[in-house]
Amino acid sequence: MAKQTDPAKPQGRWAQIFKLFGETIKVDKAALPLTLLVSLGALAVGILLAIYGSDNVLFTIIYLVLGLFAAAMLGLIVMSRRAEKVAYGRIQGQPGAVGAVITSSIKRGWRTSEVPVAVNPRTRDAIYRCVGAAGVVLVAEGSRTGTKTILDEEIRKLKRATPGVQIHVFYVTGDSSGTPLASLGREVTRLKRTLSRAEVSAVNSRLQALGMNIPIPKGIDPARMRPSRR
């Protein structure tokens, strides 16, 4: 009887990290030199402190250990940022990229969703919505012309449903006129807070009741649609 082969074991966390860094280095030629420069700089500072900072042997060892630790940590941080930039560059311009980014990078009490609240049926451009302490954020994915009509409609709905709540608009257009996908999460979380937690929950509940403005694909009969059993 033939011996059954064991299924491939999943890669460990560090193996996945090194694989990601390897792919990043292939795409981003500046990632490795920049990481080495930062790491060696931190290590050099630690060595200099160990040599000239104190005559005490204990402090010399501490400075060396701190230099090694700082070199490793700063190197990981720099490479992680470069890997993140490469990952965002790969999905830039793809439908649904904004939804993936806002759900993964915008947290800290924000209500987000991968599902757009409005879609242009002709161009497939979309509008995504986030609700947080800064108010309501609308993110337009696609061209400015393709999102103009549905964006204006969403803004009118927001002003009627949540009067007085601050509305912020970001455009992820893939060109210099919009917000880069890699910077979207950072830009949103930097917005000034104007709502309390209770107000955020109230605003989000009210907007959830509005539903979504997503057109039904052609060929589908709404009367025959059944809910998913998953």
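Conventions and cut-offs
- Residues numbered from 1 in each chain as written.
- Predicted model: local features only at pLDDT ≥ 70, side-chain atom pairs only at ≥ 80, totals over all residues.
- Heavy atoms only, no water.
- Helix = DSSP H or I, 4+ residues; strand = E, 2+ residues; numbered from the N terminus.
- Buried < 20%, exposed > 50% of the residue type's maximum accessible area, 1.4 Å probe, protein only.
- Contact = heavy atoms within 4.5 Å.
- Areas by Shrake-Rupley, 256 points an atom, 1.4 Å probe, with all protein chains shown as cover.
- Pairing = 2+ DSSP bridges.
- Axes fitted to C-alpha atoms, helices over the stretch in contact; angles between N-to-C directions.
- Parallel < 35°, antiparallel > 145°, perpendicular 65-115°, else oblique.
- Left-handed = near helix turned anticlockwise from the far one by under 90°.
- Nonpolar A, V, L, I, M, F, W, Y, C, P; charged D, E, K, R; others polar.
- Core = buried A, V, L, I, M, F, W, Y, C linked by side-chain atoms within 4.5 Å.
- Right-handed = clockwise from strand over helix to strand, strands pointing away.
- Salt bridge = Lys/Arg side-chain N within 4 Å of Asp/Glu carboxyl O.

**Student:** It is not clear to me how the overall build of the protein should be interpreted in this structure. Could you clarify?
**Tutor:** Helix and strand content of the protein: 7 helices and 4 strands. Listed N to C, the secondary structure of the protein is α-α-α-α-β-β-β-α-β-α-α in terms of helices and strands. In the protein, which comprises 230 residues, the proportion classed as buried is 32%. Sequence separation of 24 or more characterises 61% of the internal contacts of the protein that already satisfy a separation of 6 or more. If you sum the accessible surface of the protein, you get close to 15,600 Å²; carbon and sulfur atoms cover 59% of it.

**Student:** Any chance you could explain the sheet that holds strand β3 (residues 135–141) here in plain terms?
**Tutor:** Paired through their backbone hydrogen bonds, the strands of a sheet run either parallel or antiparallel. Across the sheet, which stays open at both edges, the 4 strands sit in the order β1-β2-β3-β4 with mixed pairing between neighbours. Every other strand in the sheet has two partners, leaving β1 (118–119) and β4 (167–172) as the edge strands with one partner each. Bridging between strand β2 (residues 126–132) and β3 involves 7 bridges; their strand directions are antiparallel. Bridge pairing links A126 to E141 in β3. Across the sheet, helix α4 (residues 97–105) touches β2, β3 and β4, and the angle it forms with β2 is around 10 degrees.

**Student:** What is the right way to look at the packing of α4 against helix α6 (residues 181–189) in this model?
**Tutor:** When two helices pack together, their arrangement is given by the angle between the helix axes and the distance between those axes. Running from N to C, α4 and α6 cross one another at 40 degrees; their axes reach a closest spacing of 9 Å. Regarding the angle of α4 to α6, the classification is oblique. When you trace α4 past α6, the crossing you get is right-handed. Along its contact with α4, which presents A97, V98, V101, I102 and S105, the element α6 presents L181, L184 and G185. When its residues are assigned to classes, the contact of α4 with α6 shows 6 nonpolar, 2 polar and no charged.

**Student:** Just checking my understanding: could you explain the pairing of β2 for this structure?
**Tutor:** Where a strand is regular, its side chains alternate between the two sheet faces. The buried fraction of β2 is high, at 7 of 7 residues. The two faces of β2 match: A126, Y128, C130 and G132 on one face and I127, R129 and V131 on the other face are all buried. Of the pairings in the sheet, the one linking β1 to β2 comprises 2 bridges and is antiparallel in character. Paired with A118 across the two strands is I127, which belongs to β2. Taken together, β1 and the strand that follows it, β2, pair antiparallel across an intervening segment of 6 residues, in which R124 is found at a positive phi of about 65 degrees.

**Student:** Looking at this structure, how should I read the nonpolar core?
**Tutor:** The nonpolar side chains of soluble globular proteins are, as a tendency, buried together. V98, V139 and L184 are the most contacted members of the largest nonpolar core, which has 19 residues in total. The leading source of residues in this core is α4, at 4 residues. For V98, the residues in contact, after removing those within four places along its chain, are Y128, V139, E141, V172, L181 and L184. Core analysis: the second largest hydrophobic core is formed by 17 residues, A118, I127, A161 and V165 among them.

**Student:** When you look at the pairing of β3 in this model, what are you seeing that I'm missing?
**Tutor:** With respect to burial, β3 is a largely interior element, 7 of its 7 residues being buried. Taken together, β2 and the strand that follows it, β3, pair antiparallel across an intervening segment of 2 residues. Note: β3 against β4, 6 bridges, orientation parallel. Of the residues in β4, the one forming a bridge with V139 is F170. In this fold, β3 hands off to helix α5 (residues 144–161), which returns the chain to β4; that crossover is right-handed.

**Student:** Quick question: what am I supposed to make of the pattern of salt bridges here?
**Tutor:** Pairs may arise between side chains of opposite charge once their charged atoms sit close together. One pass over the structure, following the stated rule, counts 3 salt bridges. Note that K148 is salt-bridged to D152, the shortest N-O span being 3.2 Å. You can see K148 and its partner D152 sitting in helix α5, 4 residues apart, about one turn around the helix.

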